[in-house]
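Each chain, written out:
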Amino acid sequence: MVFACNGIASAADCLRQDALGTSRVLAVDPKAYPRVGSNEFPKTLPMADHEVVLTFDDGPRPPNTQKVLEALAQECVRATFFLVGRSSAEFPELVRRIASQGHSIAHHSWSHQMMSKMPFEQAMDDIHRGIAADELALEGVSTNVPSTPFFRFPHFDSSPAMLDALQSRGIVVFGTDLWANDWEDISPDQELMNVIAQLESTRKGIILLHDAQARTAAMMPALLRYLHKNGYRVVHLVSAAQAEKKAETRH
């Protein structure tokens, strides 16, 4: 089940009338979509032509995460941040700032190591420790039950056993549909061209970026302008359970 929700950051809600805004919210059910991202898995999220999801890995990391947040806020755009637990433990106030601006907090392990190189139990402990650190920073309670059950493996490096373990816990594993190659030593302009070239081919999809990277923070205003100018619409992700809970509170 994936369905649209209300309460989005539309352009009409912005101080700037010409802002890009967030076109709609998708609530993702782990039972229907346990693994998403066409580069890694057979299935991705159901998106129409010219719809994109913005995702950020490896944060929070000052000052780059703040700069990314400022660019998103300027356009009233909401994204999903896959946080590294040890960084969340170091910068808990920044985790709370991400959430307070309406973005989804997702998970990216504690240590950002290659999971397939670890024994299974050690890898799962690293994943659970990362979730617990993110949740402690976000809610003040250490728990390995994620409020938003979204996870992305560092380097997309998983194993069948790990994928099955996360699926059994109701956690959606994210790959991606296109990426910026922003882990390479490139300029912000080159990074933007990387994204544009892939969008011209895919015309939609989950975009992988890294808010920890200074080049990405510098590139974000131009990317958002490109999306707006070329008729792209930003989709924000939440979990189905969160959406159902929010709907219940309205009645």
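Residues numbered from 1 in each chain as written. Predicted model: local features only at pLDDT ≥ 70, side-chain atom pairs only at ≥ 80, totals over all residues. Heavy atoms only, no water.

A.B. asks: Would you mind going over the environment of Ser-23 in detail, with residue names and values included?
C.D. replies: For Ser-23, the position within the fold is in the loop between β1 (2–5) and β2 (24–28). Ser-23 sits in the partly exposed class, given a relative accessible area of 30%. Sequence spacing of Ser-23 and Pro-160 is 137 residues, and the spatial spacing of their C-alpha atoms is 35 Å. (Helix = DSSP H or I, 4+ residues; strand = E, 2+ residues; numbered from the N terminus. Buried < 20%, exposed > 50% of the residue type's maximum accessible area, 1.4 Å probe, protein only.)

A.B. asks: Report on the confidence of the model for the chain, specifying residues and quantitative values.
C.D. replies: Of all residues in the chain, 92% have pLDDT values of 70 or greater, and the mean over the chain is 92. Below pLDDT 50 for its whole length, residues 1–12 participates in 43 contacts with residues either more than four positions away or in separate chains. (pLDDT = per-residue confidence, 0-100. Contact = heavy atoms within 4.5 Å.)

A.B. asks: I'd like to hear about the nonpolar core, residue by residue, with values.
C.D. replies: Ranked by size, the top nonpolar core spans 36 residues in total, and within it Leu-54, Leu-72, Met-220 and Leu-227 carry the most contacts. Taken together, the elements giving at least two residues each to this core come down to β4 (51–59), α1 (64–74), β5 (80–83), α3 (92–100), α4 (120–139), α6 (188–202), β10 (205–210) and α7 (214–229). A total of seven residues in this core trace back to one element, the largest contributor, which is α7. Every residue in contact with Leu-72, bar those within four places of it in the chain, is listed here: Leu-54, Phe-56, Val-77, Ala-79, Phe-81, His-103, Met-220 and Leu-224. (Core = buried A, V, L, I, M, F, W, Y, C linked by side-chain atoms within 4.5 Å.)

A.B. asks: Outline unusual backbone geometry, listing residues and values.
C.D. replies: Residue Gly-59 is joined to Pro-60 through a cis peptide bond whose omega torsion reads -5°. Residue position: Pro-60 is located in the loop between β4 and α1. A positive phi is found at Ser-109, a non-glycine position, where the angle reads about 80°. Assignment of secondary structure puts Ser-109 in the loop between β6 (104–107) and α4. For Ser-109, a relative accessible area of 0% gives the class buried. The backbone of His-112 shows a phi angle near 60°, a positive value even though the residue is not glycine. By the secondary structure assignment, His-112 is in the loop between β6 and α4.

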